Amino acid sequence: MGTLSVDQSTRVDLRQRTVTDLNQALHQAPAGSQWEVLHPDGQHAIAAGLAAPITVKIEGHVGYFAAGMNEEASVEISGNAGVGVAENMMSGRVHVHGSASQSAGATAHGGLLVIDGDAAARCGISMKGVNIVVGGGVGHMSAFMAQAGALVICGDAGDGLGDSIYEARLYVRGKVGQLGADCVAKEMRPEHLAELSGLLAQAGLDHDPAEFRRYGSARQLYNFHVENAFAY
Amino acid sequence: MTAITTPDPAALGLRENATFDRATIAAIRHAAQTGLYDIRGGGAKRRLPHFDDLLFLGASMSRYPLEGYRERCDTDVTIGTRFAKKPLHLKTPVTIAGMSFGSLSGQAKEALGRGASEVGTSTTTGDGGMTEEERGHSETLVYQYLPSRYGMNPKHLRLADAIEVVLGQGAKPGGGGMLLGQKITERVAAMRTLPVGIDQRSACRHPDWTGPDDLRIKITELREITDWEKPIYVKIGASRPYYDVALAIKAGADAIVLDGMQGGTAATQDVFIEHVGIPTLAAIPQAVDALQEAGLHRQVQLIVSGGVRSGADVAKALALGADAVSIGTAALIALGDNDPALEDEYRKIGSAAGYYDDWQAGQDPAGITTQDPELSKRLDPVAAGHRLANLLRVMTMEAQIIARACGKAHLAHLEPEDLVALTIEAAAMTRRPLAGTDWIPGLAPAAQAAPVAPVAPVASAAPAGGGA
């Protein structure tokens, strides 16, 4: 399979080309170019490592690590996403129209991840500045060790939400299972309502921000104390 | 220092308890008085079976030695030949192990880069990402990909010469990184997206994959992102090396980094360092078994670390089947760690030259394991880097001396047959015979070289307790 030319048609059929062909072409794509990917068929690492302001529309379901480490690009996935969609994203936007498997947006530093459906366990694990908006609910241990950024959950959150959380902000509209260690409900101040309104608007959702509650760190486990031995 | 005025207790006929020795008594008293367990730097301190328990059989009547200092003995190694488009070519098999900026000062990271580059070998980042000090001064830089993903940036991934997926380290297989608040300065905190001054507890598991099947997909993603150019290492802390290496091979690793329990750490609980994991010596043969069974020994390179101090250790690791080694603690000592010239300063902080292991505390008088700008300034990266380069050259030359004595024109030609064991433990672990015998403990008699007497049938065995 030869190299995919950059000035070739921007429609790539993954039944005709390999994911490596696609990714290498996307890595060289000029800013502003628009790409359409057909028949992803759950393959892994589709559109991973993009580093330019391009637009990629994927028609179907993707496997693990789709749009992994995205920088600047806008990636839209019409179906469901496997494990670690937009993991370690730095900037740009990833929009999953279906649901996402576990570890969506893991460790991501920036940009916006929108999941219209549900996200499974560990959504936003170790997030480092990304904003994530989930139209449905999230599974257990979401925002585990979340360091920075905001996670908006329009549905319910599973047990262990925000376990060992640092400075990330969590907004939940539905029910929350048992909170994780050192995660507590917090006052929703005007700056939080403003942030939440902005994120909902960017995700194309019209929920009333007043319906959400905010959760964050109690900051009781930031330093080691032997009295904390049974707190974790 | 004050002169000893009281007589040695042993001279009075007093006997120290081997179970409750003075260090144990001190640890129990400290725990009882403070409620604290010890967190420290360095690797296992206990005496362990190690490279010292092996000896080389120099050439003799049946082997042909090479002339020292005259006949060629090459030392280079290529890492990442399995899948990577751009394998690393190093002039010496002695590389610098992963150590983070944060645990080490910027000056120390620069010195490691300078020293490694001076002799044509690689250095490695650590938790917390890549700094300008190390990329700028390291000709060949391996970028660690850790569970915490602190400072993980795809730009740095592309700037790296190889990627090391870290599953664990020898000092604490199964444990995550740790950096105490004293070292979480504004710069370190900003790089790791953490509040200043917290006690950082890194994750021990990767956040987006679990198990070997997932690792295979993760490695593929890293290759896709870097266009299949970079060698991908998988680093494991030695605990079950046979299975871990077999699974890492299956997951598509280009190279395996195997770190034994003598491998150092910047900050780990003493109980973890001393009681979890297995010695480097015990781990190497199991890793080599897994590589050989996969038919990939020497194609997937094995890099061994954990207590490598000299050219003899390098030669022994290579003879057992490693392709390269990494040094961490020895490199820090070369930079100036535990320098006797700093004795008075070590005493002021409750330690002594040769004993200093509070690498977690950030008060290092040598300016190495600290983020204090005044202490860090004490380390001259140029001079320290040159000292490290000297050590790397000495280790390489020492290994060549041994290799020539064994008749080898390349360090990579050293082989298990060149070695014998000094202790029964080392013989059992390395499956080399005890020196002066043909005995390899644990091997079935049929596999031993010595003739074995036929086994008597059970019915005619002597009764229990019966004499001859």
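The structure this text deals with has already been given above.
Residues numbered from 1 in each chain as written. Chains lettered and ligands numbered in written order. Predicted model: local features only at pLDDT ≥ 70, side-chain atom pairs only at ≥ 80, totals over all residues. Heavy atoms only, no water.

Chemist: Which residues make up the nonpolar core, and what are the values?
Modeler: Residues and elements named next belong to chain B. Membership of the largest hydrophobic core comes to 94 residues, with the highest contact counts inside it found for Ile96, Leu302, Ile327, Leu335 and Leu388. When residues in this core are grouped by element, the largest group, eight residues, is from helix H14 (residues 381–405). With near-sequence residues (within four places) excluded, Leu302 lies in contact with Ile256, Leu258, Ile284, Ala287, Val288, Leu291, Gly321, Ala322, Asp323 and Ala324. (Core = buried A, V, L, I, M, F, W, Y, C linked by side-chain atoms within 4.5 Å. Buried < 20%, exposed > 50% of the residue type's maximum accessible area, 1.4 Å probe, protein only. Helix = DSSP H or I, 4+ residues; strand = E, 2+ residues; numbered from the N terminus. Contact = heavy atoms within 4.5 Å.)

Chemist: Go over the pattern of salt bridges, please, and point to the residues and values.
Modeler: This structure, assessed with the given rule, holds 40 salt bridges over all chains. Salt-bridge contacts for Glu343(B) lead to Arg347(B); the nearest nitrogen and oxygen are separated by 2.7 Å. Of the two residues, Glu343(B) and Arg347(B) are both situated in helix H12 (residues 343–348); the distance of four residues between them amounts to about one turn of the helix. Arg378(B) serves as the salt-bridge partner of Glu345(B), at 3.0 Å between the closest nitrogen and oxygen. Here the residue Glu345(B) occupies a position in helix H12, and Arg378(B) occupies one in the loop between helix H13 (373–377) and H14, the gap between them amounting to 33 residues. It is possible to trace a salt-bridge network through shared partners that takes in Glu87(A), Arg149(B), Asp208(B), Lys218(B) and Glu221(B). (Salt bridge = Lys/Arg side-chain N within 4 Å of Asp/Glu carboxyl O.)

Chemist: Account for the packing of aromatic side chains, naming residues and giving values.
Modeler: Residues and elements named next belong to chain A. A full pass over the atoms with the stated rule returns four aromatic pairs over all chains. Between Tyr64 and Phe65 the ring centres are 5.5 Å apart and the planes differ by 85°, which places this aromatic pair in the edge-to-face class. With 5.7 Å between their ring centres and 40° between their planes, Tyr166 and Tyr222 make a pair best called tilted. Here Tyr222 lies in the segment after strand S11 (213–217) and Tyr166 lies in the loop between strand S8 (148–153) and strand S9 (169–172), a separation of 56 residues in the sequence. Tyr222 matches Tyr166 in its accessibility class, with the two residues each being buried. (Phe/Tyr/Trp six-rings, centres within 6.5 Å; stacked < 30°, edge-to-face > 60°.)

Chemist: How would you summarise the packing of helix H7 (residues 241–250) of chain B against helix H9 (residues 280–293) of chain B if you had to cite specific residues and measurements?
Modeler: Residue and element names in this part refer to chain B. For the pair H7 and H9, interaxial distance at closest approach is 8 Å and the crossing angle is 35°. Of the two elements, H7 crosses H9, and the hand of that crossing is right-handed. On H9, the residues touching Pro241, Tyr242, Val245, Ala246 and Ile249 of H7 are Ala283, Gln286, Ala287, Asp289, Ala290, Leu291 and Glu293. Looking at the contact of H7 with H9, its residues break down into nine nonpolar, one polar and two charged. (Axes fitted to C-alpha atoms, helices over the stretch in contact; angles between N-to-C directions. Left-handed = near helix turned anticlockwise from the far one by under 90°. Nonpolar A, V, L, I, M, F, W, Y, C, P; charged D, E, K, R; others polar.)

Chemist: Give a detailed account of unusual backbone geometry, specifying residues and quantitative values.
Modeler: Peptide bonds are mostly trans, and most non-glycine residues show a negative phi. All names here are of chain A. One non-glycine residue, Met69, adopts positive backbone phi at about 60°. Relative to the helices and strands, Met69 is located in the loop between strand S3 (55–59) and strand S4 (74–77). In this structure Met69 comes out as buried when scored by relative accessible area, which is 0%. A positive phi is found at Ala86, a non-glycine position, where the angle reads about 60°.

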